[in-house]
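A look at the structure
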Amino acid sequence: MPRAEPTPAPQDFDRVLSSMCTEPHPAAREAAVAFLADNPGDPATYPAVADLETEAIDALGEVVGLDDPHGYVGSGGTEANIQAVRAARNLADGDVNVVAPESAHFSFQKAADVLGVELLLAPTDDDHRADVDAVADLADDDTALVAGVAGTTEYGRVDPIPALADVAADVDARLHVDAAWGGFVLPFTDHDWSFADAPVDTMTIDPHKMGQAPIPAGGFLARDAETLDALAIDTPYLESDTQPTLGGTRSGAGVAGTHAALDALWPEGYRDQYERSQANADYLAAELREHGYDVVDPVLPLVAADLPDAEFEALREDGWRISRTATGELRVVCMPHVTREMLDDFLASLSGVGNV
Ligand SMILES: *Cc1c(COP(=O)(O)O)cnc(C)c1O
């Protein structure tokens, strides 16, 4: 097939401030390429990548405070959230609902739509965290799952997970924690978010975000084997008997990349990264505040600030990849590829278009 244009180059990360993904760790990139043709969805044919997945899940268990983790590496946080809702629905009787804060990722809307469950969204408090009383007001006998977020997409907030666990217990529901983005930084903070901090049943944690694994690599983890049993489907043409995953053929690159990233970075590499990213977020927040912008305090490495539309658009035209919250604030995610120099460049661009 003749090509008129040169092959497009992949995105350069020099001006990417909007993404929750990042450049993979070199070892993860190498492992991903090596296992590109392996299918962890067929472990009897591809035992090597299946072994890597078992080890990767054990390592993820360490990250989230779980000794004997059950789970798998899937396509991302969306799949893991769908699976958490699906397990809760399958383990409950009759029509069920899910209660989550309004700050929950839009993947819960997809889960509700695909699975035919009702999604009840509770307001957040003044600090953008789940309002526990509001969650308790919505939870009832039909509630199969209460979900909390540990590292929200828009403001990097951590919901009060132990209090949400109490709400879930009161109505005999399961508790899911969505740590898709936050899971690789929270171990180095004082937040209560993990399986060790509360009676969490399931968790989403994405290696392809702060974990520095290649896309696609999402993590779905469960405390009990019963959760995966509730998801298992018979698999007639494979040598393995059942499959709890949503996907059939899965990414060997994602599994091997996750394994390699954890091997290279857990725990010290992730700790260093967290400290660097948080320091960058604090720096950007302070600079923006000094120049008169309203800034939402970066609890985790994510800064939100009020920026006039014209300045936002001008920065986009300068090539900055930036995004907005639902209420229109600038949102900068201090991922591993975001350096102090990048932020200084960004602030210089902002002074060219605005009042810095
Ligand atoms: C990114 C994100 C998701 C969705 O994950 P994908 O990998 O994009 O499917 C879910 N929840 C939270 C909190 C996220 O940040």
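No experiment lies behind these values; they were computed from the predicted model shown.

1. Concerning the site of the ligand
- What surrounds the ligand is a group of 15 residues, the closest being G77, T78, D178, H208 and K209.
- Measuring from an oxygen atom of the ligand, one finds a side-chain N or O atom of T153 at 3.5 Å.
- Contact distances for the ligand include 3.0 Å between an oxygen atom and a side-chain N or O atom of K209.
- Expressed as a share of its isolated accessible area of 380 Å², the protein-covered part of the ligand is 86%.
- Looking at which element gives the most residues to the shell around the ligand, the answer is helix α3 (residues 77-91), with three residues.
- Along the lines of polarity and charge, the residues of the shell around the ligand split into three nonpolar, nine polar and three charged.

2. Thoughts on the UniProt feature "modified residue: N6-(pyridoxal phosphate)lysine" (unreviewed entry) in the protein
- The UniProt feature table records "modified residue: N6-(pyridoxal phosphate)lysine" (unreviewed entry) at K209.
- Mapped onto the elements of the fold, K209 is located in the loop between β6 (202-205) and β7 (218-222).
- If we skip the residues at most four places from it in the chain, K209 touches M20, C21, T22, A180, W181 and M335.

3. Notes on a negative patch on the surface
- Together, D51, E55, D58, E62, D67, D68 and D263 make up a region of like negative charge exposed at the surface.
- Top contributing element to the negative patch by residue count: helix α2 (residues 47-63), with four residues.

4. Some remarks on the packing of α3 against helix α4 (residues 107-115)
- In contact at an axis separation of 9 Å, α3 and α4 are set at 45 degrees when each is read in the N-to-C sense. Here α3 lies oblique to α4, going by the angle between them. Every pair of crossing elements has a handedness; the one defined by α3 and α4 is right-handed. For the pair formed by α3 and α4, the contact residues are T78, N81, I82, V85, R86 and R89 on the first element and S107, F108, K110, A111 and L115 on the second.
- Considered class by class, the residues forming the contact of α3 with α4 number five nonpolar, three polar and three charged.

5. Details of the nonpolar core
- Formed by 82 residues in total, the largest nonpolar core has its most connected members in L17, V64 and L288.
- Both of domain 1 (26-265) and domain 2 (268-351) provide at least three residues apiece to this core.
- When sequence neighbours within four positions are dropped, the list of residues in contact with L17 reads W320, R321, I322, R331, V332, V333, V338, M342, L343 and F346.
- Within the second largest apolar cluster, 16 residues are counted, among which are V96, V98, A100 and L115.

About the thresholds
Along each chain, the written sequence defines residue order, and numbers are assigned to residues from 1. Local features in this predicted model are restricted to residues of pLDDT 70 or higher, and side-chain atom pairs are both shown and tallied only at a pLDDT of 80 or more, whereas totals for entire chains, interfaces and linings draw on every residue. Only heavy atoms go into the side-chain values, all of them from the structure, while hydrogens and water stay out. Distances are taken per atom, and a residue is near a molecule or strand as soon as one of its heavy atoms is within 4 Å of it. Think of a polar contact as two N or O atoms within 3.5 Å of one another; within protein, one of them needs to be a possible hydrogen donor and the other a possible acceptor, and neighboring residues in sequence only count if both atoms come from side chains. Using the Shrake-Rupley algorithm and a 1.4 Å probe, accessible areas are obtained, with residue cover drawn only from the displayed protein chains. Helix numbers and strand numbers start at the N terminus; a helix is a DSSP run of H or I with at least 4 residues, a strand a run of E with at least 2. Residues are grouped as follows: Ala, Val, Leu, Ile, Met, Phe, Trp, Tyr, Cys and Pro are nonpolar; Asp, Glu, Lys and Arg are charged; all remaining types, including Gly, are polar. UniProt positions are given in the numbering used here, feature names are shortened, and annotations may be inferred rather than shown by experiment. Note on contacts: a residue pair qualifies if any of its non-hydrogen atoms lie within 4.5 Å across the two residues. For patch building, the residue pool is restricted to those with more than 30% relative accessible area and no salt bridge; the joining distance is 9 Å between like charges and 5 Å between nonpolar side chains (Val, Leu, Ile, Met, Phe, Trp, Tyr). Within this document, salt bridges are pairs made up of a side-chain nitrogen of Lys or Arg and a carboxyl oxygen of Asp or Glu, the two lying within 4 Å of each other. Here the positive residues are Lys and Arg and the negative ones are Asp and Glu; neither His nor the chain ends is included. Positions of charges follow a simple convention, taking NZ of Lys, CZ of Arg, CG of Asp or CD of Glu. A fitted line through C-alpha atoms represents every axis, and for helices the fit uses only the stretch in contact; the resulting angles, taken between N-to-C directions, go from 0 to 180 degrees. Here the angle decides the label: under 35 degrees means roughly parallel, over 145 means roughly antiparallel, 65 to 115 means roughly perpendicular, and every other value means oblique. Left-handed describes a crossing in which the near helix is turned anticlockwise from the far one by less than a right angle; the clockwise case is right-handed. Nine residue types can take part in a nonpolar core, namely buried Ala, Val, Leu, Ile, Met, Phe, Trp, Tyr and Cys, and a core is a set of them joined through side-chain atoms within 4.5 Å. With a 1.4 Å probe rolled over the protein chains alone, any residue whose accessible area is under 20% of its type maximum counts as buried; one over 50% counts as exposed, and the rest are partly exposed. As used throughout, domain bounds are those supplied by an automatic or database domain assignment.

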